[in-house]
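The primary structure of each chain is shown beneath.
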Amino acid sequence: MGRFAIALAFLTSIFVFGGNLVYSPAQAQTGVQSSAQKQAEAEALISRLSDKEVRELLVGRLAEAEAKDGAGREEFNPAVIIYRLQRDMGLISEEVQHIFAAVGDLPAIFPAAWAQFSADRNDGGLVWFFATMAIAFGLGALAEAGLRPILIAAAERAPPQEVESTRKKVMILGMILLKRFLLQGIFVAVATTVFVLFFDTTQKDRIAFFFYLTATGVFRASIAMSQAFHAPKRSALRLPLYDDTEAAYMHRTFLITVGFGAFAFFTCALFGTLGILGYVHELFLILVGTTTVSLLIYTIISGRNLIRKDIQSGAAADSSRTRFACAWPWIFAVFTGFLWIGIVVRELLYDFVPYGAALFTIGLFAVIPSLDALFYRDAARFEAAADDVRTALAKAGRLTLLVLVVVSLASAWRINPLTMSGGGYATLLAEAAMQVAVTLLVAYALWQGVRIYIDRKIAEEDAEFAAQGHDLSEAEIGGTGMSRMRTLFPLFKRSVQMVLGVIVLMIVLSSLGVDIAPILAGAGVVGLAIGFGSQTLVRDIVSGAFFLIDDAFRLGEYIDVGSVKGTVEKISLRSFRLRHHRGAIHTVPFGTIDTLTNYSRDWAIMKLKFRVPFDTDVRAVKKIFKKIGAELLEHPEIGEDFIQPFKSQGVFEVDDYGLVIRAKFMAKPGRQFVIRKEAYIAVQQAFQANDIEFARPEVKVTVEDEQEDDEIPKPARNKLHAAGGAAARLVSGPASTDTAENA
């Protein structure tokens, strides 16, 4: 259950850092400067306007805003789309020409930025700035180093020899990651305090300091998260399925990409604050982003075999997951390339471009498959161990991961699900994706909770039923059935599944913008039509509900519905299945039942017949049966199954061959057949001990002339033997008839 907890913690850490850095610092600083300049110009303009002119200006602005809102909801017009497309293509072509023209100015961007940064300084001012930043960083590092032995013990710094418990892995990695973040926070706090309070610097010095302090923090946070996930020096704590060399390679290439991207983007941001703007700055920003994205694509492509091994772990060789694992690095490369091209195109068309959101999206997609593989392996392992709760948690973790991805991407791209009513198609699509993901997560959690509870109760009922010595496969007429709850649990489970499925379907359709009111109304009409047209089906379902409410029968009980009989093996909404004691299966709709006889309720009476010779002492037989009944009550296997003991009922009838004495006993349903076997054995042994024989059918043939057998003519002797055999068969009866009757 625990391995995916560290994955969620790792992903949450990415969300925290990514959510604060999704937009490029260059654009942020440029936006701050342009906003301040525009605000000053607006204040100067408003100061020269009269009240009437201000009101007219406000009304005009409101009209423009309303027109823009209406334009966002205009009807689909291919001509307008083509016009805008060719207009944008013209703008892109013009911007590209300007940017390519600025290639020659690119080498001069660094000297120009250095000149701007060095300008307006006293002698030694630049040296003093670098010394100040070095002192602040150094004191922050000293504070961190001083607290490191306190927060991180030597046992935590040393790689563990072996960690078998997943929970222990999570605890170790989580605590180490938390302490490292705390140490980095101490470093940032001390460095910032020293620089701000003890050194008097200019605005551009403070901007440069905070830019590179933030870049250092991002880089170090990335190191901590990569060390927690890849664990290059802690194989016992490693989450992906890499060896030491593979983990070190993925860790190293990941840090090279993040390190370059962090410091390069903040350098580009610093150039913007120093006045290095225009097409040469856009070119530099595009080159930095393209290089960062290329490094990330190279990291994924070069490690594709490692990633494939990690993603497809536990899946079959020909499964869809294995095929996805093989294709994922290339899918990522194509997706990243197209996303970055779209960002560059937006840079050419608009002033404000979410570079940070794009980079955050790319980085998130790079780690999502490995995190999902972690949940997948845990679910497979828990499922193999028959741990339903942890299996459900692992599968729910995968859905939670999906929800976190959707929420984080919405946050990165500045999509607020609470203020989406007037958004465009992209906004509505994001809203629908978020609602669908949350709905699936909640429904899955509810279903898994109900399923696990019902399955556990069914397993407990089955175990208790088996512990009592019952076996449905060997049940005869009147076998003991299962409990009422065991009978109803499968129906409850199916009902919850159907209800949740319908509710989720309705919510998903509503999230996608489909008006479900007509669907519900149509479903009601269709339901009425089906009800009138399928009266038999409705009768079966309603009759079944009342039979179950009345507790007329349960699983495992032997019932007779008139035409067929057998043990109840399965119950559905409209019918149930009977297993005859000879193996045949009967499916019986509830609506066809007129009378139902249950042979498995409360108790069962078994009556046995014994034939003894005419001269047998009946009172002695009664005493023998009484003694047998007492002995059977003490029997270790069947004694507790008696409700009334085995006892004699006296002479039942007299036939041509002897006295028929009947005995009976009352027992728990289904146990009477086991008791009957023991009763027959006990009676046979008791009769032998008391010199009592069972009466046997006899045939006596009397010959009038007492002649020796040899003196009887042969034809007459043959006729005599044939008559004796026919008489014997007539008395005993056919064997097949007796067998069928006993069955």
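These figures come from a predicted structure and were not determined experimentally. (Residues numbered from 1 in each chain as written. Predicted model: local features only at pLDDT ≥ 70, side-chain atom pairs only at ≥ 80, totals over all residues. Heavy atoms only, no water.)

With respect to unusual backbone geometry
Note the threshold: For helices the rule is a DSSP run of H or I covering at least 4 residues; for strands it is a run of E covering at least 2, with both sets numbered from the N terminus onward. Remark: exposure states derive from per-residue accessible area (1.4 Å probe, protein chains only) relative to the maximum for the residue type, with buried under 20%, exposed over 50%, and partly exposed in between.
Positive phi is not limited to glycine here, since A231 has a value of about 45°. Tracing the backbone shows A231 in the loop between α9 (203–230) and α10 (244–273). For A231, a relative accessible area of 1% translates into the label buried. Even without glycine at this site, D691 takes up a positive phi of about 55°. Its location among the elements puts D691 in the loop between α21 (672–689) and α22 (714–732). Relative accessible area serves as the criterion here: at 71%, D691 is assigned to the exposed category.

Overview of the packing of α10 against helix α12 (residues 304–311)
Convention followed: Lines fitted to C-alpha atoms define the axes, with helix axes restricted to the stretch in contact, and inter-axis angles between N-to-C directions lie between 0 and 180 degrees. Should an angle fall under 35 degrees it is taken as roughly parallel, and over 145 as roughly antiparallel, whereas 65 to 115 is taken as roughly perpendicular and any remaining angle as oblique. Handedness of a crossing is defined here by the sense of rotation of the near helix relative to the far one, left-handed for an anticlockwise turn of less than a right angle and right-handed for a clockwise turn. Should any heavy atoms of two residues lie within 4.5 Å, those residues are considered in contact.
For the pair α10 and α12, the least separation of the axes is 11 Å and the interaxial angle reads 115°. Looking at the two axes, α10 sits roughly perpendicular to α12. When you trace α10 past α12, the crossing you get is left-handed. Across from E246, Y249 and M250 in α10, the residues of α12 making contact are L306, I307 and K309.

Remarks on the pattern of salt bridges
Rules: The salt bridge criterion pairs a side-chain nitrogen of Lys or Arg with a carboxyl oxygen of Asp or Glu, the two atoms within 4 Å.
All chains considered together, the criterion is met by 14 salt bridges. One salt bridge connects D372 with R398, and the closest N-O pair in it is separated by 2.9 Å. One end of the pair, D372, is in helix α14 (residues 355–384); the other, R398, is in helix α15 (residues 388–412), with 26 residues separating them in the sequence. For R398, a relative accessible area of 29% puts it in the partly exposed group. Between R579 and E569 there is a salt bridge, and its shortest N-O distance comes to 3.0 Å. Taken together, the residues R579 in strand β3 (residues 575–579) and E569 in strand β2 (residues 565–571) connect sequence positions ten residues apart. A relative accessible area of 31% places R579 in the partly exposed class. Counted as one network, the salt bridges with shared partners bring together E144, R148 and R220.

Considering the confidence of the model for the protein
Atomic detail in the predicted coordinates should be set aside for any region of low pLDDT. The line we're drawing: Predictor confidence is given residue by residue as pLDDT, running from a minimum of 0 to a maximum of 100.
When pLDDT is averaged across the protein, the result is 77; 75% of the residues are at 70 or more. Long-range and interchain partners of residues 68–74, a stretch whose pLDDT sits below 50, account for two contacts in this model, where long-range means more than four residues apart.

Quick look at the packing of aromatic side chains
Just so we agree on the cut-off: We call Phe, Tyr and Trp rings a pair once their centres come within 6.5 Å, taking the six-membered ring for Trp, and we label the pair stacked below 30 degrees between planes, edge-to-face above 60, and tilted otherwise. The rule for a charge over a ring is simple: NZ of Lys or CZ of Arg within 6 Å of the ring centre, and within 35 degrees of the ring normal.
Considering all chains together, one arrives at 28 aromatic pairs under this definition. Seen from their ring centres, F642 and F665 are 5.8 Å apart, and the 70° between their planes marks the pair as edge-to-face. Of this pair, F642 sits in strand β7 (residues 642–654) while F665 sits in strand β8 (residues 659–667), and the two are 23 residues apart along the sequence. Its relative accessible area of 10% is what places F642 among the buried residues. One aromatic cluster in this structure is built from F610, F625, F646, Y680, F687 and F694. Residue placement shows R220 over the ring face of F187; its charged tip is 5.2 Å from the ring centre. The ring of Y376 has R321 lying over it, and the distance from NZ or CZ to the ring centre is 4.0 Å.

Let's talk about the environment of L632
In this structure, L632 sits in helix α20 (residues 618–633). Owing to a relative accessible area of 5%, L632 belongs among the buried residues under this scheme. Placed 14 residues apart in sequence, L632 and F646 show a C-alpha to C-alpha distance of 7.6 Å. With residues up to four places along the chain from it excluded, the contact list for L632 reads I638, G639, F642, F646, E678 and A679.

Describing the sheet that holds strand β6 (residues 604–612)
Our working definition: Pairing between strands is defined by DSSP: at least two bridges between them are needed.
In space, the three strands of this open sheet follow the order β6-β8-β7, with antiparallel pairing throughout. Either end of the sheet is taken by a strand with one partner, and the two such strands are β6 and β7. Taken pair by pair, the neighbouring strands of this sheet meet at an average axis angle of 20°, ignoring direction. Two elements, β7 and β8, share seven bridges in a ladder whose sense is antiparallel. Following the sheet pairing, E653 is matched in β8 by V660. Lying on the sheet, α20 is in contact with β6, β7 and β8; it crosses β7 at an angle near 160°. Contacting β6, β7 and β8, α21 runs over the sheet at an angle of about 25° to β6.

Notes on the nonpolar core
Across soluble globular proteins, nonpolar side chains have a tendency to be buried as a group. The criterion, for reference: We define the nonpolar core as a collection of buried residues of types Ala, Val, Leu, Ile, Met, Phe, Trp, Tyr and Cys that are connected through side-chain atoms lying within 4.5 Å of one another.
One finds I109, F209, F284, I307, F332 and Y355 to be the most contacted residues of the largest nonpolar core, which totals 65 residues. Considering each element in turn, this core owes the most residues, eleven residues, to helix α11 (residues 279–302). Formed by 25 residues, the second largest nonpolar core is a distinct cluster that contains F646, F673, A686 and F687.

With respect to the packing of α10 against α11
Selection rule: In this classification, the charged set is Asp, Glu, Lys and Arg, the nonpolar set is Ala, Val, Leu, Ile, Met, Phe, Trp, Tyr, Cys and Pro, and all remaining amino acids, among them Gly, are polar.
Running from N to C, α10 and α11 point in directions that differ by 175°, and their axes come no closer than 10 Å. What the angle tells us is that α10 and α11 run roughly antiparallel. Together, Y249, M250, T253, F254, T257, F260, G261, A264, F265, C268, F271 and G272 of α10 and H281, F284, L285, V288, G289, T291, T292, L295, L296, Y298, T299 and S302 of α11 make up the contact between the two elements. Of the residues contributing to the contact of α10 with α11, the split by class is 14 nonpolar, ten polar and no charged.

A look at the environment of I297
Here I297 shows up in helix α11. Counting along the chain gives 32 residues from I297 to P329, while the straight-line C-alpha distance between them is 8.3 Å. Contacts of I297, omitting those with residues within four sequence positions, involve F332, A333, T336 and G337.

Description of the side chain of R238
The following threshold applies: Side-chain atoms alone can form a polar contact between residues adjacent in sequence; in general such a contact is a pair of N or O atoms within 3.5 Å, and within protein one must be able to donate a hydrogen while the other accepts it.
Structurally, R238 can be placed in the loop between α9 and α10. Of the residues examined, R238 reaches a relative accessible area of 6% and is grouped as buried. Only 2.9 Å separates the side chain of R238 from the backbone oxygen of A231, close enough to count as a polar contact.

Remarks on the pairing of β2
Examined bridge by bridge, strand β1 (residues 558–560) and β2 share three bridges and lie antiparallel to one another. Considered in β2, the bridge of D560 is made with K565. Sheet topology places β2 next to β3; four bridges connect them, and they run antiparallel. Each residue of the ladder has a partner; that of I571, found in β3, is F576. Hairpin connection, β2 to β3: the antiparallel pair is bridged by three residues.

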